[in-house]
Amino acid sequence: MSPVDLARYVRDIADFPKPGIVFKDITPVMAAPEALEAAVDGLARYARPLGVDLVIAAEARGFLLGAALARELGAGFILARKPGKLPHETVRAEYKLEYGSDALELHTDAIDQGSRVLVHDDLLATGGTAEALCSLAEQLGGEVAGCAFLIELSFLGGRGRLGRHDVHALLRYDEE
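Now for a description of the structure that goes with this document. Computed from a prediction, not measured in an experiment: that's the story for all the values here.

It is worth spelling out the overall build of the protein chain at this point. Looking only at helices and strands, the protein chain has five helices and nine strands in total. Listing each helix as α and each strand as β along the protein chain from the N terminus yields β-β-α-α-β-α-β-β-β-β-α-β-α-β. A compact globule built from 176 residues would reach a C-alpha radius of gyration of about 16 Å, and the protein chain, at 15 Å, matches this within 12%. Principal axes of the C-alpha set define a box for the protein chain whose edges measure 40 × 40 × 30 Å. Across the protein chain, the fraction of contacts at a sequence separation of at least 24, relative to all contacts at a separation of at least 6, is 60%. Positive and negative side-chain charges of the protein chain, numbering 18 and 27 respectively, have mean locations separated by a distance of 2 Å.

This model, assessed by the stated rule, comprises 14 salt bridges. Glu 72 is the salt-bridge partner of Arg 48, the closest N and O atoms lying 3.3 Å from each other. You can see Arg 48 sitting in the loop between α2 (33-47) and β3 (54-58) and its partner Glu 72 sitting in helix α3 (residues 61-73), a full 24 residues away along the chain. Classification of Arg 48 as partly exposed rests on a relative accessible area of 44%. Judged by its relative accessible area of 38%, Glu 72 is partly exposed. Between Glu 143 and Arg 116 there is a salt bridge, and its shortest N-O distance comes to 2.7 Å. Of this pair, Glu 143 sits in strand β8 (residues 143-153) while Arg 116 sits in strand β7 (residues 116-124); the two residues are 27 residues apart in sequence, bridging distant segments of the chain. Judged by relative accessible area, Arg 116 falls into the partly exposed class, the value being 25%.

Moving on: the nonpolar core. Judged by nonpolar contacts, the single largest core of 31 residues is most densely connected at Leu 6, Val 29, Val 52, Leu 73, Leu 118, Leu 150 and Ile 151. Listing elements by their share of this core, those giving two or more residues are α2, α3, β7, β8 and β9 (167-173). Listed in part, the 28 residues of the second largest apolar core include Ala 80, Val 91, Leu 136 and Val 144.

Before going further, it helps to examine the packing of aromatic side chains. For the structure shown, the criterion picks out two aromatic pairs. Each ring, one from Phe 16 and one from Phe 23, has its centre 5.1 Å from the other, and the planes form 85 degrees; the classification is edge-to-face. The partly exposed category is assigned to Phe 16, whose relative accessible area is 43%. Relative to Phe 77, the ring of Phe 63 has its centre 5.9 Å away and its plane inclined at 85 degrees; by these criteria the two rings are edge-to-face. Placement of Phe 63 in helix α3 and of Phe 77 in strand β4 (residues 76-80) is noted, with a sequence separation of 14 residues between them. When its relative accessible area of 19% is taken as the criterion, Phe 63 is described as buried. When its relative accessible area of 23% is taken as the criterion, Phe 77 is described as partly exposed. The residue whose ring lies beneath Lys 24 is Tyr 173, and the NZ or CZ to ring-centre distance is 4.0 Å.

As a further point, take the sheet that holds β7. Spatial strand order, β4-β3-β7-β8-β9: five strands in an open sheet with parallel pairing. The sheet terminates laterally at β4 and β9, the two strands that pair on one side only. If you compare each strand with its neighbour and ignore which way they point, the axes differ by 20 degrees on average. For β3 and β4, the ladder comprises five bridges, and the chain directions are parallel. Bridge pairing in β4 links Ala 57 to Leu 79. Docked against the sheet, α3 engages β3, β4, β7 and β8, running at close to 140 degrees with respect to β7.

Here is what the cut-offs are and how they apply
Residues numbered from 1 in each chain as written. Predicted model: local features only at pLDDT ≥ 70, side-chain atom pairs only at ≥ 80, totals over all residues. Heavy atoms only, no water. Helix = DSSP H or I, 4+ residues; strand = E, 2+ residues; numbered from the N terminus. Rg over C-alpha atoms; globule rule 2.2 N^0.38 Å. Contact = heavy atoms within 4.5 Å. Lys, Arg positive; Asp, Glu negative; His and termini not counted. Charge placed at Lys NZ, Arg CZ, Asp CG, Glu CD. Salt bridge = Lys/Arg side-chain N within 4 Å of Asp/Glu carboxyl O. Buried < 20%, exposed > 50% of the residue type's maximum accessible area, 1.4 Å probe, protein only. Core = buried A, V, L, I, M, F, W, Y, C linked by side-chain atoms within 4.5 Å. Phe/Tyr/Trp six-rings, centres within 6.5 Å; stacked < 30°, edge-to-face > 60°. Lys NZ or Arg CZ within 6 Å of the ring centre and 35° of its normal. Pairing = 2+ DSSP bridges. Axes fitted to C-alpha atoms, helices over the stretch in contact; angles between N-to-C directions.

Okay, structure coming up:
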């Protein structure tokens, strides 16, 4: 079987969610079995040697590949949700996006002290969401083993915000 060109499955949507933003739509990746498999396999190849216990991802798009990746790695999956969505006691991290700000919460019992955590999201842009995920994991005593993304928009500098953590992306866009 020939390798899958994942970039072929990423669709650009201009001016979404607001003017000037070029949204990277991953729904074609999710809809094509060969692309979905290639994405999960590619992320797992990076993460497997890290010996992770847990994968943490932000709602909603991070959940799509994050849960599949956790299953592939034999790891648990931790859901970081928007404020007010989790029913148990939570910790919180606020962050800035390329087009606004937000916050994520995690159950206080989601990560055991010393657990090796893989931070995952579909896209690394300015790094705010990933930085918040790292912060949440570390607040609960987890060790961030690495950060894995389907897409990196390198021109937005998100990798720099994660400087002390290992960062891997399957696709990298160097310009808008």
